[in-house]
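Structural overview for review
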Amino acid sequence: MGRSPQQERPKARLPKGFRDVEAEEIRGVKEMLRVLERVYETYGFEALETPFFEFSDALGKFLPDQDRPNEGVFSIKDEDDQWLSLRYDLTAPLARYVAENYEGLAKPFRSYRSGWVFRNEKPGPGRFRQFMQFDADTVGTASPAADAEVCMMAADALEALGIERGNYVVKFNSRKILDGVQDQLKIPLEVRTTWLRALDKLERLGPQAVRELLGKGRKDESGDFTKGAGLTDEQITQSLNFAESRTLKGMLTGFEGTAEVEEMRRLFDAAGYGEDRIRFDPSVVRGLDYYTGAVFEAELTFETVDDAGQPVRFGSVGGGGRYDDLVARFRGEAVPATGFSMGVSRLYAALRHLGRTASLGSLAPVVVLVMDRGQVPHYQQLTSRLRAAGIRAEMYLGTAGMKAQMKYADRRGAPLVVIQGPDERERKVVQLKDLAAGAAMARQIDSREEWRSARAAQVEVPEAELVPAVKAALEQRR
């Protein structure tokens, strides 16, 4: 017996670690990226796009979760029996692009890129397998000035988005210094990556959790156990002392990389970027294994509350570092490079909590109601006039009456509706109704008579003045 049609229906569901993105966030993210682009272009960076898929060997094996199946990436075989992988960041594809086009590029080569990246990692709250990054990289110079510049650019970008000083800090460190500390503390080479990843979690998990990760291991809230580095108590204590030191002095003296971070500090001071904006922090590690020198992280320091009323600190919204060996994988010669990557979704979520997204996303459309089915061409003409003036507008295309049309406009988040019935059309006027203001006024009105006399948040204007009246009403909402 065959299966019934109902049994054959697929279940509408998302894979774990993926999400749908709706209109308001899409508009806001696009405008946020435009702000970032403007800042990056003032620094002389140019746009570049690379494909979602790369040959797997070109991407390399640099992800933190190499103990997971497929080593943290999503991969398929093509028709030539070659492995392709979805890009897990925007840096490895850039290295491939530079190596492939090296002779024709002006060097240092400076580019910025934005797009989706994919990681086959364990999903969790706020951690997705598909997310967007916005990168800027300088390839072809080993100067600490290039490292300093991307940190300054990150600070400028955050301020351009409305994040005030005191609510963010860009932190920097050096993998060379970390290598020196590893040697000094006699950290075994085989647990170096585990040691680095544990230190990288200090800001997010706190000292006790990191102590466990440096020791025998840690069980998280879900019950999953992460094997530790197995260090001695003395090694653990000194590792934490180093990571929490917040200084360029003391135990850092003489390590390779110290001169570079000191040079970066001098450049920051000369350009007016004090430690309230950019500061040294030895706990900055960055999870990817291809970093070879300076590493950076942009952290939001303000606290807010989540939907459940619990305190939330956003923490890192981006980072990067120097990766002098990545292009060399292809060319067999040293090609120094440095870059910074913003986590787009996380940054946008932070802006939303700060109330900064209203200025990013354009308003939902003004809705022109259809009060007379015989006059649809006239309503279309009113709508076209608004569009020609650069105002987002739509004519109601359904077949419902006024009450349903108003409900539709409200659900769309329309700032205004344009109403013109037979009487208004005869008098050559239109009614403009501010839905948000009308709803607020309606909550304060007790009787139908009072409502009718107040005409809550509704004004009548000549039809010939429709465009300037709508523009003025929208401007008041900004």
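Our structure's up above, just so we're on the same page.
The present account deals with the structure reproduced in this document.

What counts and what doesn't
Residues numbered from 1 in each chain as written. Predicted model: local features only at pLDDT ≥ 70, side-chain atom pairs only at ≥ 80, totals over all residues. Heavy atoms only, no water. Buried < 20%, exposed > 50% of the residue type's maximum accessible area, 1.4 Å probe, protein only. Helix = DSSP H or I, 4+ residues; strand = E, 2+ residues; numbered from the N terminus. Arc of directions from axis to C-beta. Contact = heavy atoms within 4.5 Å. Phe/Tyr/Trp six-rings, centres within 6.5 Å; stacked < 30°, edge-to-face > 60°. Lys NZ or Arg CZ within 6 Å of the ring centre and 35° of its normal. Pairing = 2+ DSSP bridges. Axes fitted to C-alpha atoms, helices over the stretch in contact; angles between N-to-C directions.

So, helix H10 (residues 233-243)
- Residues Gln-235, Ile-236, Ser-239, Leu-240, Phe-242 and Ala-243 constitute the buried set of H10. Projected down its long axis, H10 carries its buried residues within an arc of 160 degrees, all on one side.
- The inward-facing, buried residues of H10 abut helix H6 (175-184), helix H7 (192-200), helix H8 (202-205) and helix H9 (207-214).

Focus on the packing of aromatic side chains
- In total, this model carries twelve aromatic pairs according to the counting rule given.
- Measuring from centroid to centroid gives 6.0 Å for Tyr-97 and Phe-109, while their planes differ by 35 degrees, and the two rings are tilted. With Tyr-97 in helix H4 (residues 91-100) and Phe-109 in strand S5 (residues 109-118), this residue pair connects regions lying twelve residues apart in the sequence.
- The class of Phe-109 is buried, set by a relative accessible area of 14%.
- Chaining the aromatic ring pairs together yields one cluster made of Tyr-40, Tyr-112 and Phe-134.
- One Lys or Arg, Lys-107, reaches over the ring of Tyr-102 and ends 4.3 Å from the middle of that ring.
- A cation over a ring is seen here: Arg-329 above Phe-330, with NZ or CZ 5.2 Å from the ring centre.

Some thoughts on the sheet that holds strand S3 (residues 75-77)
- Taken in spatial order, the three strands make up an open sheet running S2-S4-S3, and their pairing is antiparallel. Of all strands in the sheet, those with a lone pairing partner are strand S2 (53-55) and S3, marking the two edges. Taken pair by pair, the neighbouring strands of this sheet meet at an average axis angle of 35 degrees, ignoring direction.
- Examined bridge by bridge, S2 and strand S4 (residues 83-86) share three bridges and lie antiparallel to one another. Across the sheet, the residue bridging to Phe-53 is Leu-86, located in S4.

On their own, these measurements won't tell you what the molecule is for.
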